[in-house]
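Each chain, written out:
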Amino acid sequence: MSTANKPKSPRSPPLPGRPDQLELGLEKWREAADRCSNAAVAEAAVGLLDDNRSRALLDAILGNSPFLTQCLLSDIAFSVDVVTKPPESSLQTAFETLEGDAGTTADTAALNKALRVARRRIALVTAAADLSGAWPLETVTGTLSRFADRAVALTTAHHLRRAGANGTLTVDPDDPLGRSGVFILGLGKLGAHELNYSSDIDIAVFYDPDRVSAPDPDRIRQTLVRLTQAVVASLQERTADGYVFRTDLRLRPDPNSTPLAISTLAAEAYYESMGQNWERAAMIKARVIAGDAEAGAEFLAMLRPFVWRRNLDFAAIQDVHSIKRQINAHHGGAAIAVAGHNLKLGRGGIREIEFFAQTQQLIFGGRAPELRTPDTCGALRGLAAAGRIDDATAETMIEAYHFLRTIEHRLQMVDDQQTHSLPEDAHALDVFAKFAGYDGVDTFTAALLGQLHTVEDHYAALFEEAPTLSGAGNLVFTGGEHDPDTLKTLAGLGYQDPETVSTLIRGWHHGRYHATRSGRSRQILTELIPTLVAELAQTANPDVAFRRFDEFLRGLPAGLQLFSLFHAKPELMRLVAEIMGTAPRLASHLSRQPSLFDAVIAGEFFDPMPGREALADDLAALAGKTETFEDTLDTVRRWTADQRFCVDVQFLRGMIDAESAGGSHSDIADAAVSLLLPATEAEFARRHGRVPGGAFCILGLGKLGGRELSTTSDLDLVFVYCTPDGAEQSDGDKPLAVSHFYARFAQRYLNALTAPTSAGALFDVDMRLRPAGAHGPLASSLTAFRDYLADKAWTWEQMAMTRARLVAGDADLGAAV
């Protein structure tokens, strides 16, 4: 931005945006002075109203911020010092009082009160120093970060002493943090000393199991989880005195699956096997803020090779790029609506500056130690010094960062809310523009848009040659929180519950499923997600389809081969999306047996289905390679599932009609039933032999008999046998009488058809159309079968026999039947 076009600097202190609020605030200030028991303080407070410099600062606070007004009025003596003395003096008073009240107290309530009073005082000091222009941004954020450090340290020390007192940990009461083995990392803005005015704090609690001492070592983890909960409660629970910090523990390794306090061994194993590039980016800012400093330093040293890779392979660089590519970046010039704009996550916002620096730090920092600084502006200066960006780019990005962070602070000062979005209402925006230091919304808008477009241009140019992954909007699934623009993108695609979709995808990135355990699998999946999300959104119910796909993914034993296939052949991913969205039974079956998708990889998957003889030959060739009867059962089940899946998919896609599908399903069943008959006979004969001259056949009735089998049909079967006159028993080692032999054999064969194995189930079989139904024997002799149909069968049973056909077994017997 040229000097000629540069808007004038904002006013310090700013003008009061709400005159009515100012008048009420001034009245309450006078009332607070009247109630003050210290006459000197009361006189000084009233006198400030006649001092131009003091009055301007009071007007800026009372006329803009209900929260700061409350801070002023609740502690009139301290407030007088804030307005009249250098901010460093008031800050020292606040910290000294905190140490005196909370440093060694054994009373948790007293600790909590002291922390909250200190927080209110330091909030007032930093706001006054910011509004008056006494402190630059780095001093404001550094002061807020310093207080957060001390608050966490005091709170952790207090609860460690309590754990020592109640006997759950062995702790030195004079130095509870020292060699406790427990340490807390500050991450995010806290780690970089960049904490914003009403920020939550990102922390992670770790412990070295070799250093922690406890009477019951087996309960160390439970004890430290409870300690972490106590620390968090002391910091964020609201009391009559307010709160200290909202505390976020979601930047610890895999937060949905790990305890609040994590051992260093578990963390090391996670980062070595599952650590993601966005977690590397988070660890750029990590530092020990409380606890065992030596244990923390060793842990960070262990993490250094994970964060700062000296050699990045192509896949790792692509994954770093994908963090940026998932965001729908724009070059400046496109309209940005100032009203409601999110200064942190919106276009041209703070996050784009941070990502601009961090992505380049990850790629180049392994070989350039000067790029390893945690703070954003330091990183930008380092990139310029290393020749990665030019000096002008660094200067303009740093200027934009200062501007946007300052405006963000003003937003948060109003009501102590962790907000990043400008007011949407025109009047409210004009009021806020004055608090930001401008005369009104027009001058504020000009200044803001200039900075946003500058950031937008530099950010969009980063890795400009790489195609976007985001499609119609952001699709970012990194970090510890949902990206608002991503949720909007998902909602725009048709998802009713975008937060669930985002949560599940982020779980994939954490490697919670076998299919996403390898880094390469996750890298390819990152590339696939935009297309996958869009394809599932085309179905009738995107949310249901997405959950079915997640179930499918959960069942995969590995993902690299499938993801690579999807990447090479996007039409296969569309097929899976179609199955998940339109065929719930097929989707459920595929989720239970993801190996079915192996059939799709075969080149002939979409070829016309072969006839019965070809299917039988194919199955026979596979079964011929098996060594045991159990192997044969598994082979038949896998082959049948693959073939049925193929028919179902071809029917789903309209490649075949219902009649053809019914014929193919029947041919598949015929092949499976036929192959298992001789295999079962051979297995049965090992113990019981065979009946000399005997014959056995299988009739198919119902839909199988009419060759109209559907994907959900059971098999209506009837077993018939015949023996020569005079045959009495089988000829095996354990011979059976003829009727007993065929009854036992029929049961064994039925089990071969219906029993689930490691390869799943085969068919449901219905034997109720046999003579006498459920009361008759499983296998009928030819004579008994003929006599029953002639003399005893109901009309409906005779009708059922009109569809009977020979499916397997002795051809002569079948002809006789």
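For the structure itself, consult the block above.
The rules we used
- Within each chain, residue numbers correspond to sequence positions counted from 1 in written order.
- Under the rules for a predicted model, residues below a pLDDT of 70 receive no local features and side-chain atom pairs below 80 are neither given nor counted, while totals for whole chains, interfaces and linings still include all residues.
- Working from all heavy atoms in the structure, the side-chain values ignore hydrogens and water.
- Salt-bridge detection follows one rule: a side-chain nitrogen of Lys or Arg within 4 Å of a carboxyl oxygen of Asp or Glu.
- In this description a helix means any DSSP run of H or I spanning at least four residues, a strand means any run of E spanning at least two, and both kinds are numbered starting from the N terminus.
- Three labels apply to residues, based on accessible area from a 1.4 Å probe with only protein chains included: buried if under 20% of the type maximum, exposed if over 50%, partly exposed otherwise in between.
- Here a pair means two rings of Phe, Tyr or Trp (six-membered ring of Trp) with centres within 6.5 Å. Their orientation is stacked below 30 degrees between planes, edge-to-face above 60, and tilted elsewhere.
- Here, over-ring charges are defined by two tests on the NZ atom of lysine or the CZ atom of arginine: distance to the ring centre within 6 Å, and angle to the ring normal within 35 degrees.
- In these notes, a set of buried Ala, Val, Leu, Ile, Met, Phe, Trp, Tyr and Cys residues joined through side-chain atoms within 4.5 Å is what counts as a nonpolar core.
- Pairs of residues are marked as contacts when any of their non-hydrogen atoms sit within 4.5 Å.

Student: Help me understand the pattern of salt bridges, please; the structure alone is not making it clear to me.
Tutor: Opposite charge on two side chains permits them to pair, given that their charged atoms come into close proximity. Across all of its chains, the model carries 28 salt bridges by this definition. The salt bridge partner of Glu294 is Arg179, with a shortest N-O separation of 3.2 Å. Of the two residues, Glu294 sits in helix H13 (residues 293-307) while Arg179 sits in the loop between helix H8 (137-165) and strand S1 (182-187), which places them 115 residues apart along the sequence. Its relative accessible area of 43% is what places Glu294 among the partly exposed residues. In this structure, the salt-bridge partner of Arg574 is Glu535, at a minimum N-O distance of 3.9 Å. Linking Arg574 in helix H25 (residues 570-582) with Glu535 in helix H22 (residues 519-537), this pair joins segments that are 39 residues apart in sequence. By relative accessible area, Glu535 is classed as buried at 19%. Through salt bridges with shared partners, a single network forms among Arg179, Asp208, Arg211, Glu294 and Glu298.

Student: For this particular structure, what's the right way to read the packing of aromatic side chains?
Tutor: The description of an aromatic ring pair rests on the distance of the ring centres and on the angle between the ring planes. With the rule as written, the count across this model stands at 22 aromatic pairs. A centroid spacing of 6.0 Å and a plane angle of 80° characterise the contact between Phe432 and Phe444, whose relative ring orientation is edge-to-face. Here Phe444 lies in helix H19 (residues 441-461) and Phe432 lies in helix H18 (residues 426-435), a separation of 12 residues in the sequence. Accessibility assignment for this pair places Phe432 and Phe444 in one class, buried. Here the aromatic cluster, defined as three or more aromatic residues joined through ring pairs, consists of Phe684, Phe696, Phe719, Tyr721, Phe741, Tyr742, Phe745 and Tyr749. Sitting over the ring of Phe95, Arg146 keeps its end group 3.9 Å from the ring centre.

Student: Explain the nonpolar core to me, please; I cannot follow it from the model alone.
Tutor: Nonpolar side chains tend to gather and get buried jointly when the protein is soluble and globular. Residues Leu422 and Phe444 are the most contacted members of the largest nonpolar core, which totals 122 residues. Excluding anything up to four places from it in sequence, Phe444 contacts Val338, Ile407, Leu422, Leu429, Phe432, Ala433, Ala436 and Tyr438. One finds Leu715, Leu717, Ala752 and Ala779 within the second-largest nonpolar core, a separate group that totals 47 residues.

Geometric descriptors of this kind do not, in isolation, establish any biological role.
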